[in-house]
Amino acid sequence: MPDSKSDSQWIILKADDLIYDSVHTLPAGFNKFIEYISRKQIKASLGIIGRSLETDVTAYFDALQEIHSSGLFEIWNHGYQHLLRGRKVRGEMFDEFQNTSSEYQYDNMLKTQQLAKTKLGITLRTFGAPGNAIDDNTVKAIEQIDEIKVWLFGKPSGKLVLYRYCDIEYPTLKPDYSKFVEHYTTQRDYLVLQVHPKEWSKEDFMEFEKIIDFLLTKDVAFITPYDFYLRR
Ligand SMILES: [Zn+2]
């Protein structure tokens, strides 16, 4: 791994929708993903849905703390409810962080920060909205939370905003090796690659593995969002 080479391209894996699973503690797809990342000795970031921490299942907290302390993963704030495509009384559509007030957005963002602190003893440093659905009120909300330093697929703000230049999943939820290779670019310093391992079939997972093996033939280094922030 060219981990110390500053001219390598940085790869940030953004795995969305980490929640509690009553059978496997973590969703089976996440267990497989985490095991794979650990085996490859690469790095990834995991977007947790805050509400999932409102449980008393200590096995869930233990699993998350173990993942965090491995140093290979960053757990980040993926909203509190993961509410998408809600409908207001007058029929207007809204998402947790789009077409809602800055107060509501701030409350939801903060709730997840506080739950992570209380239940896991972890300060979350990165935010990424459910469905990447955001508006100007998200800027107002995130600016009020100093401990968040990185905003995945965010808007220009005081945070380090990391943009989306290419994808693993075409369409969302479906890793596609040949489409990835077609869109892959070495022209960017970093790539944030969004994935949803919870939703993957065995075949989807194999596509993902092919993509990682392809990346490992390039001059890349895997990093978490907050470590990327700290290195700048
Ligand atoms: Zn999500």
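Residues numbered from 1 in each chain as written. Predicted model: local features only at pLDDT ≥ 70, side-chain atom pairs only at ≥ 80, totals over all residues. Heavy atoms only, no water.

For the protein chain, an unreviewed UniProt entry supplies the name Polysaccharide deacetylase family protein and the organism Paenibacillus mangrovi.

Asker: What exactly am I supposed to notice about the nonpolar core here?
Answerer: Most often, soluble globular proteins keep nonpolar side chains buried together rather than apart. L13, F33, F208 and L215 are the most contacted members of the largest nonpolar core, which has 46 residues in total. Ignoring anything within four residues of it in the chain, the contact list for L13 reads F33, I37, I42, K43, A44, S45, I168, L193, F208, I212 and F222. Formed by 13 residues, the second largest nonpolar core is a distinct cluster that contains V150, L160, I223 and F228. (Core = buried A, V, L, I, M, F, W, Y, C linked by side-chain atoms within 4.5 Å. Buried < 20%, exposed > 50% of the residue type's maximum accessible area, 1.4 Å probe, protein only. Contact = heavy atoms within 4.5 Å.)

Asker: Hey, could you run me through the packing of helix α1 (residues 28-40) against helix α6 (residues 202-215) in this one?
Answerer: Packed helices, taken two at a time, are described by the angle their axes make and the gap between the axes. Running from N to C, α1 and α6 point in directions that differ by 25°, and their axes come no closer than 12 Å. By the angle class used here, α1 and α6 are roughly parallel. The interaxial crossing formed by α1 with α6 has right-handed handedness. On the side of α1, the interface is formed by G29, K32, F33, Y36, I37 and K40, while α6 contributes K202, F205, F208, E209, I212 and D213. For the contact of α1 with α6, the residue count by class is 6 nonpolar, 1 polar and 5 charged. (Axes fitted to C-alpha atoms, helices over the stretch in contact; angles between N-to-C directions. Helix = DSSP H or I, 4+ residues; strand = E, 2+ residues; numbered from the N terminus. Parallel < 35°, antiparallel > 145°, perpendicular 65-115°, else oblique. Left-handed = near helix turned anticlockwise from the far one by under 90°. Nonpolar A, V, L, I, M, F, W, Y, C, P; charged D, E, K, R; others polar.)

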